Amino acid sequence: VYHGYQPSVGREVAVKVTRADLANSADFISRFEAAARLVARLDHPHIIRLHDYWRDPSGAYLVTQWMAGGSLGEALSREPMDPAEKLRIVRQIGEALAFAHRSGVAHGGVGEDSILLDDQGNAYLSGFRVSSVEGDEAARDSLTARMSRDVADFARLASRLFATNWTDSRPLESTGKGEPVSV
């Protein structure tokens, strides 16, 4: 992935490049184009926007929003996040994933590296796998299974977020009203 600048509209972009040997296979070409068209239609505030795509003999290219905050994985390795930040990320990505699923698109690999952060710490779902959006009948039949895997991946991610890097490590105690409180 390269950091670029699109002067015609004055914005920073990310350019993902796929090697020519992969980009020129007939199977890849049909999957790439179908994936790009589907992902481009996912208009949600927490899904990375696909600005453009093309393929030529030298490779395949996706042009998306640039995220100055890097990946969630990178952010977690830099410094601990407070619980409020983690909750915001879980909510934003959960909403984005639910929107993609309602739109008939499975992600195919929800994890710390497929969640990107802007310079304000807002989270964006990225990296939809090409194989997750194939349009043939077998792919449609397995869409529910792929969405189920997405949900399981998301649940594991949320669990990992709250199992590590707490800034307040005091135990939680129940009020008896279903809401935990710190003691």
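A brief look at the structure comes next. Source: prediction; values computed, not measured. (Residues numbered from 1 in each chain as written. Predicted model: local features only at pLDDT ≥ 70, side-chain atom pairs only at ≥ 80, totals over all residues. Heavy atoms only, no water.)

The next subject is the overall build of the protein chain. Regarding its fold elements, the protein chain presents six helices and eight strands. Each helix and strand of the protein chain, ordered N terminal to C terminal, gives the series β-β-α-α-β-β-α-α-β-β-α-α-β-β. Buried positions account for 39% of the 183 residues belonging to the protein chain. Summarising the internal contacts of the protein chain: among those between residues at least 6 apart in sequence, 63% fall at separations of at least 24. (Helix = DSSP H or I, 4+ residues; strand = E, 2+ residues; numbered from the N terminus. Buried < 20%, exposed > 50% of the residue type's maximum accessible area, 1.4 Å probe, protein only. Contact = heavy atoms within 4.5 Å.)

The four strands lie next to each other as β1-β2-β4-β3, forming an open sheet whose pairing is antiparallel. This sheet does not close on itself; its edge strands, each paired only once, are β1 (2-6) and β3 (50-56). Across the sheet, the mean angle from the axis of one strand to that of its neighbour is 30°, orientation sign disregarded. Pairing analysis gives six bridges linking strand β2 (residues 11-18) to strand β4 (residues 59-65), with the strands arranged antiparallel. Looking across to β4, one finds that V15 is bridged to V63. Helix α2 (residues 26-40) rests against β2, β3 and β4 of the sheet, and its axis sits at about 165° to β3. (Pairing = 2+ DSSP bridges. Axes fitted to C-alpha atoms, helices over the stretch in contact; angles between N-to-C directions.)

As for its placement among the helices and strands, G70 is situated in the loop between β4 and α3 (72-78). Assessed through its relative accessible area of 16%, G70 is described here as buried. Sequence-wise, G70 and A123 are 53 residues apart; in three dimensions their C-alpha atoms are separated by 10.0 Å. Residues in contact with G70, not counting those within four places in the same chain, are I115, L116 and L117.

Grouped together as the largest cluster of nonpolar side chains are 28 residues, with contacts concentrated most on I47, L72, I89, L125 and F128. Contributions of two or more residues to this core are made by α2, α3, α4 (83-102), β5 (115-117), β6 (123-125) and α6 (143-163). By residue number, the principal contributor to this core is α4, which donates seven residues. Once residues within four sequence positions are removed from consideration, L72 is found in contact with M81, I89, E112, I115, L117, L157 and L161. (Core = buried A, V, L, I, M, F, W, Y, C linked by side-chain atoms within 4.5 Å.)

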